[in-house]
Amino acid sequence: MSNPDALLVDIAAMVESERSNQMPLTVVVPGAVITGRLAPERLWHERVAEVLGASDHLKPFATLFAMSATGDPAPPATPPTHLHLHVARILQGSYGLPHTGGMYRIAIADVSSWTVGDLSYSDQ
């Protein structure tokens, strides 16, 4: 999407300013449908740093995310350019990958369509 959807940018900005991580969102990007909950960028960075820090092999990378999470908690002066999803899954057929959810950073400009809500499948 060459011109990011202004409403989606506003939703992302509100999540950033309110420090909420409860906004469910499903987006369509080239090659994937991704569903999860929007998180403020700082919270997303903190969580990724925690996960990487718990791994012996990936621990050095945790500092990159921890450094990105520090700073002034005030909302950014510019509109967000990325969505930060947690507990997120790529929908593939009748499965969501990973099953437990993951952390995804998505360029808003790449979103071709979206809906409020977390899509899931049922075995019933």
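Asker: Any chance you could explain the overall build of the protein chain here in plain terms?
Answerer: Secondary structure summary: the protein chain contains three helices and five strands in total. Ordering the α and β elements of the protein chain from the N terminus gives α-β-β-α-α-β-β-β. Expressed as a percentage of its 124 residues, the buried residues of the protein chain come to 32%. Within the protein chain, counting contacts between residues at least 6 apart in sequence, those at least 24 apart form 62% of the total. Working note: accessible area of the protein chain is about 7,600 Å², and carbon and sulfur atoms make up 58% of it.

Asker: Just checking my understanding: could you explain the pattern of salt bridges for this structure?
Answerer: Side-chain pairs of opposite charge can arise whenever the charged atoms involved come near each other. A full pass over the atoms with the stated rule returns four salt bridges. Note that Glu-46 is salt-bridged to Arg-42, the shortest N-O span being 3.8 Å. Of this pair, Glu-46 and Arg-42 both sit in helix α2 (residues 41-53), four residues apart, roughly one helical turn. In this structure, the salt-bridge partner of Glu-50 is Arg-47, at a minimum N-O distance of 3.2 Å. With Glu-50 and Arg-47 both in helix α2 and three residues apart, the pair spans about one turn of that helix.

Asker: Explanation requested: the pairing of strand β3 (residues 82-92) in the structure shown.
Answerer: Residues in a regular strand point their side chains to alternate faces of the sheet. Where strand β2 (residues 32-38) and β3 come together, five bridges link them in antiparallel fashion. Within β3, the residue paired with Ile-34 across the bridge is Ile-90. Note: β3 against strand β4 (residues 95-107), eight bridges, orientation antiparallel. Counted as the bridge partner of Leu-83 is Ile-106 from β4. Hairpin connection from β3 to β4: two residues lie between these consecutive antiparallel strands, with Gly-93 at a positive phi of about 60°.

Asker: Would you explain α2 in this entry?
Answerer: Each α-helix winds once per 3.6 residues, and so residues spaced three or four apart point in a common direction. The terminal C-alpha atoms of α2, which comprises 13 residues, lie 18 Å apart, in line with the 18 Å expected from a rise of 1.5 Å per residue. Inspection of α2 places Trp-44, His-45, Val-48, Ala-49 and Leu-52 among the buried residues, and these make up the whole buried set. Buried positions in α2, seen along its axis, are confined to an arc of 135° and lie on one side of it.

Asker: Even after reading the chapter, I still don't get helix α1 (residues 6-18), so can you show me in this structure?
Answerer: Between its first and last C-alpha atoms α1 spans 18 Å; for 13 residues at 1.5 Å apiece the expected length is 18 Å, and the two agree. Restricting attention to buried positions, one finds in α1 the residues Leu-8, Val-9, Ile-11, Ala-12, Val-15 and Glu-16. On an axial view of α1, the arc spanned by its buried residues comes to 160°, and they lie on one face. Residues of α1 that are exposed and angled more than 90 degrees away from the buried face: Ala-6, Met-14 and Glu-18.

Asker: What is the right way to look at the sheet that holds β2 in this model?
Answerer: Within a sheet, each strand pairs with its neighbour through backbone hydrogen bonds, oriented either parallel or antiparallel. Taken in spatial order, the five strands of this open sheet run β4-β3-β2-β1-β5, and their pairing is antiparallel. Pairing within the sheet leaves two strands with one partner each, and these edge strands are β4 and β5 (113-116). For this sheet the average axis-to-axis angle between neighbouring strands, irrespective of direction, equals 30°. Judged from the four bridges that link them, strand β1 (residues 23-29) and β5 form a sheet pairing that is antiparallel.

Calculation rules
Every chain is numbered independently, its residues counted from 1 as its sequence is written. Given that this is a predicted model, residues contribute local features only at a pLDDT of at least 70 and side-chain atom pairs are listed and counted only at 80 or more, while totals for whole chains, interfaces and linings are drawn from all residues. Heavy atoms throughout the structure, all of them, feed into the side-chain values; hydrogens and water do not. The way it works is that DSSP assigns letters per residue, a run of H or I at least four long becomes a helix, a run of E at least two long becomes a strand, and they are numbered from the N terminus. Think of it in three bands: with a 1.4 Å probe and only protein chains considered, a residue is buried below 20% of the maximum accessible area for its type, exposed above 50%, and partly exposed in between. What makes two residues a contact is simply this: any of their non-hydrogen atoms within 4.5 Å. Each accessible area value is a Shrake-Rupley result obtained with a 1.4 Å probe; residue values ignore everything except the protein chains displayed when judging cover. Between Lys or Arg on one side and Asp or Glu on the other, a salt bridge is scored when a side-chain nitrogen of the former is within 4 Å of a carboxyl oxygen of the latter. Following DSSP output, two strands are said to pair if at least two bridges run between them. Helix span, expected: 1.5 Å multiplied by one less than the number of residues in the helix. It is the directions from the helix axis to the C-beta atoms whose arc is reported. In this description, a line fitted to the C-alpha atoms serves as the axis of each element, helices being fitted only across the stretch in contact, and the angle between N-to-C directions of two axes falls anywhere from 0 to 180 degrees.

By themselves, these figures tell us nothing about what the structure is for.
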